[in-house]
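Take a look at the letters that make up each chain.
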Amino acid sequence: MTKQQQQKQHIAIFTTASLPWLTGTAVNPLFRAAYLAKDGQRRVTLVIPWLTLNHQLLVYPNNITFASPSHQEAYVRRWLEERLSFPLGFEIRFYPGKFATDKRSILPVGDISDAIPDEEADIAVLEEPEHLTWFHHGKKWKTKFNYVIGIVHTNYLEYVKREKQGRLKAFLLKYLNSWVVGIYCHKVIRLSDATQEYPKSIVCNVHGVNPKFLEIGLKKLEQQKLQEQPFTKGAYYIGKMVWSKGYKELLKLLKKHQKELAGLEVDLYGSGEDSEEINEAARKLDLTVNVYPGRDHADPLFHNYKVFLNPSTTDVVCTTTAEALAMGKIVVCADHTSNEFFKQFPNCRVYDDGKGFVRATLKALGEQPSQLTEQQRHELSWEAATQRFIRASDLNRLARADSNLSKRSLFASSSISVGKNLEDMSAYIHFLASGFETSRTAFGAIPGSLQPDEELCKDLGLTLKTPSRNSLKQD
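Residues numbered from 1 in each chain as written. Predicted model: local features only at pLDDT ≥ 70, side-chain atom pairs only at ≥ 80, totals over all residues. Heavy atoms only, no water.

Taken together, the side chains of Lys-248, Lys-252, Lys-256, Lys-355 and Arg-359 define a basic patch exposed on the protein surface. Elements with a contribution of two residues or more to the positive patch: helix H10 (247-256) and helix H13 (354-365). The dominant element in the positive patch, judged by the number of residues it contributes, is H10, at 3 residues. Within the fold, Lys-248 resides in helix H10. (Patch = residues over 30% accessible without salt bridge, like charges linked within 9 Å, V, L, I, M, F, W, Y side chains within 5 Å. Areas by Shrake-Rupley, 256 points an atom, 1.4 Å probe, with all protein chains shown as cover. Salt bridge = Lys/Arg side-chain N within 4 Å of Asp/Glu carboxyl O. Lys, Arg positive; Asp, Glu negative; His and termini not counted. Charge placed at Lys NZ, Arg CZ, Asp CG, Glu CD. Helix = DSSP H or I, 4+ residues; strand = E, 2+ residues; numbered from the N terminus.)

Structure (structure tokens):
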């Protein structure tokens, strides 16, 4: 590392997913890394999960797999380069992960902070900090890094409430989340008020939209100025095809108000484990509801739709809503805290109840969208989102620390002294609890995830660690 690099802030962005899985925690941190590194003033590293072949097949679409991390990095960079007009100035590193089928999520394996050497550790951004630290067993994030920022993406409590014994699970999860986020983060940014509240947190939408959507919106704006018909299709919805992603609410509204919405045609696009059930429920309606496989929202197929219907209340800040607004469409969405950011745009139409949904939908179909101003388009961009992130996280107030981080020893051996303070004791308890296989699996960890296995170590060039006493099952 050069002297110039040492003097720059080094921002390491850890996230819970990666392309080709087109989920929010794969896409948004990728754009964040690109835009934070754009001006060359900071060194940026994106740290993403690496899965072995059998786990890749469980999560990545269309049987896409990678033989090595370098192959996946090339795929990720190519995807991003096709969407940006400037060179990519950030590094990509991998941490070992496994896909939990019960949670439909990738969970970290081992101490993922090791992806950044101690001497390079400066600022860490944890995208989904609770998710990344539930089962963390290793160095304390606040000890290794000078400053740790958590960005809360997901309303986990809302999802858990929909499960069996959901209220009890949500109650326990709320305290677990508060515990680990408080231990490991200096600052917490919540994308909206739809997330769980945390101490030391601020609400700020630090996400933007893929520039391609803004380009589509500009083309539609030109068509409007030329008195052409920019939108020739009606209403649609796109999202992962699981009931909790808005499909339950949408089909319930359509079923209850079929008479008022007579003649309405709605197209649904998505793929997921509930596809068959959703398709069957749609066929039972008197309305015409067409169900199609999922596609990229930037696909030309979607350009001519005028109205995007999104009744979901489980999102924190819905990416597809932002994309639809960027394309110049009218969005009909619930009057919910997750949509607060979008209310500033004239094409966002909110409703309070079923009758309001009917009114907003019919009104939207009967008129042309308002033309977005340059400032409104900017607010949706990643440039604006990056500015908001820098302000919300206080990055400009931080300077690169002079301390020799490489001399800091493992959290377990030297960072704790009994009675030092409540937080350190709490962190030590979490360290101990996360070090036993029985306690880890009892709280939902993937069995065998305390340390990377032989296959993960081989793929990532890591040294296979022998189990310590902490990793053994308790008697």
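Right, let's get into the sheet that holds strand S1 (residues 9-14). Taken together, the 8 strands give an open sheet; going across it, the order is S4-S3-S2-S1-S5-S6-S7-S8, and neighbouring strands pair in mixed fashion. Sheet topology places strand S4 (105-108) and strand S8 (201-203) at the edges, where each strand pairs with a single neighbour. With strand direction ignored, the average angle separating the axes of adjacent strands in the sheet is 30°. Two strands pair when backbone bridges link them, and S1 and strand S5 (residues 123-127) are joined in this way by 4 bridges, in the parallel orientation. Residue Ile-13 lies in a different strand from S5, and its bridge partner there is Val-125. (Pairing = 2+ DSSP bridges. Axes fitted to C-alpha atoms, helices over the stretch in contact; angles between N-to-C directions.)

Okay, the environment of Thr-45 next. In this fold, Thr-45 is placed in strand S2 (residues 42-50). Distance from Thr-45 to Phe-443, taken between C-alpha atoms, is 31 Å for residues 398 residues apart in sequence. A polar contact of 2.8 Å, which involves the side chain of Thr-45, links it to the side chain of His-10. (Polar contact = N/O pair within 3.5 Å; in protein donor to acceptor, adjacent residues only side chain to side chain.)

Below, the discussion takes up the pattern of salt bridges. A complete count under the given rule lists 28 salt bridges for this structure. One salt bridge connects Lys-144 with Asp-118, and the closest N-O pair in it is separated by 3.1 Å. Of the two residues, Lys-144 sits in helix H6 (residues 141-144) while Asp-118 sits in the loop between S4 and S5, which places them 26 residues apart along the sequence. Here the two residues Lys-144 and Asp-118 agree in accessibility, since each one is buried. (Buried < 20%, exposed > 50% of the residue type's maximum accessible area, 1.4 Å probe, protein only.)

Quick look at the packing of aromatic side chains now. Under the criterion given, the structure shown has 27 aromatic pairs. For the pair Tyr-35 and Phe-86, a centre-to-centre distance of 5.1 Å together with 75° between the ring planes defines the contact as edge-to-face. Placement of the pair is Tyr-35 in helix H2 (residues 24-37) and Phe-86 in the loop between helix H4 (69-81) and strand S3 (91-100), with a sequence separation of 51 residues. According to the relative accessible area criterion, Tyr-35 is buried, its value standing at 8%. Classification of Phe-86 as buried rests on a relative accessible area of 13%. When the centroid spacing of 4.7 Å and the interplanar angle of 75° are considered together, the rings of Tyr-269 and Phe-302 count as edge-to-face. With Tyr-269 in strand S10 (residues 265-269) and Phe-302 in the loop between strand S11 (288-292) and strand S12 (305-310), this residue pair connects regions lying 33 residues apart in the sequence. In this structure, Tyr-269 and Phe-302 share a single accessibility class: buried. What links up through ring pairs into an aromatic cluster is the set Tyr-236, Tyr-237, Tyr-247, Tyr-269, Tyr-292, Phe-302, Tyr-305 and Phe-308. (Phe/Tyr/Trp six-rings, centres within 6.5 Å; stacked < 30°, edge-to-face > 60°.)

What follows deals with helix H8 (residues 166-184). Residues lying three or four places apart along an α-helix face the same way, a consequence of the helix completing one turn every 3.6 residues. With 19 residues, H8 extends 26 Å from end C-alpha to end C-alpha; this agrees with the ideal 27 Å at 1.5 Å per step. Taken residue by residue, H8 has Gly-166, Ala-170, Leu-173, Asn-177, Val-180, Val-181, Ile-183 and Tyr-184 as its buried positions. For H8, the arc enclosing every buried residue in end-on projection is 160°, short of the 170-degree limit, so these residues lie on one face. Turned more than 90 degrees away from the buried face of H8, the exposed residues are Arg-167, Leu-172 and Tyr-175. Buried positions along H8 lie against helix H5 (129-133), H6, strand S6 (147-152), helix H7 (156-161), strand S7 (187-190) and helix H17 (422-433). (Expected span 1.5 Å × (residues − 1). Arc of directions from axis to C-beta. Contact = heavy atoms within 4.5 Å.)

On to the sheet that holds S10. The strand order S11-S10-S9-S12-S13-S14 describes an open sheet built from 6 strands, whose pairing is parallel. Pairing within the sheet leaves two strands with one partner each, and these edge strands are S11 and strand S14 (348-351). The mean inter-strand angle of the sheet, taken between neighbouring strand axes irrespective of direction, is 25°. Of the strand pairs in this sheet, strand S9 (residues 233-238) and S12 are connected by 3 bridges, and their pairing is parallel. Residue pairing in the sheet places Tyr-236 in a bridge with Phe-308 of S12.

Locating Asn-155 in the fold gives a position in the loop between S6 and H7. At 2.9 Å, the side chain of Asn-155 forms a polar contact with the backbone oxygen of Ala-194. With sequence-adjacent residues up to four places away left out, Asn-155 is seen in contact with Ala-194, Thr-314 and Val-316.

Below, the discussion takes up the confidence of the model for the chain. Of the residues in the chain, 92% reach a pLDDT of 70 or more, and the chain-wide mean stands at 89. With pLDDT under 50 throughout, residues 401-420 is counted as low confidence; its partners more than four residues away or in other chains account for 37 contacts. pLDDT under 50 marks residues 468-475. Its contacts with residues more than four places away, or in other chains, come to 18 contacts. (pLDDT = per-residue confidence, 0-100.)

Take the nonpolar core next. Among the nonpolar cores identified, the biggest contains 102 residues, and Leu-80, Phe-90, Leu-254, Leu-268, Phe-357, Leu-380 and Phe-389 are the most heavily contacted of them. In terms of residues, this core owes the most to one element, H2, which gives 9 residues. For Leu-80, the contacting residues outside a window of four places in its chain are Leu-30, Phe-31, Ala-34, Leu-88 and Phe-90. Ala-121, Leu-157, Tyr-198 and Ala-427 belong to the second-largest nonpolar core, a separate cluster that totals 34 residues. (Core = buried A, V, L, I, M, F, W, Y, C linked by side-chain atoms within 4.5 Å.)

Our focus in this paragraph is unusual backbone geometry. Going from Leu-19 to Pro-20, the amide bond is cis rather than trans, its omega being 15°. Mapped onto the fold, Pro-20 is located in the loop between S1 and H2. Phi at Arg-104 takes a positive value of approximately 50°, unusual for a residue other than glycine. Relative to the elements of secondary structure, Arg-104 occurs in the loop between S3 and S4. Classification of Arg-104 as partly exposed rests on a relative accessible area of 33%.

On to the pairing of S4. Along S4, one buried face is formed by Ser-105 and Leu-107 and the opposite face, lined by Ile-106 and Pro-108, is buried too. Bridge count for S3 against S4 is 4 bridges, and the pairing is antiparallel. The residue bridging Ala-100 from the neighbouring strand is Ser-105, located in S4. Here S3 folds back onto S4 in antiparallel fashion, the turn holding 4 residues, of which Arg-104 has a positive phi close to 50°.

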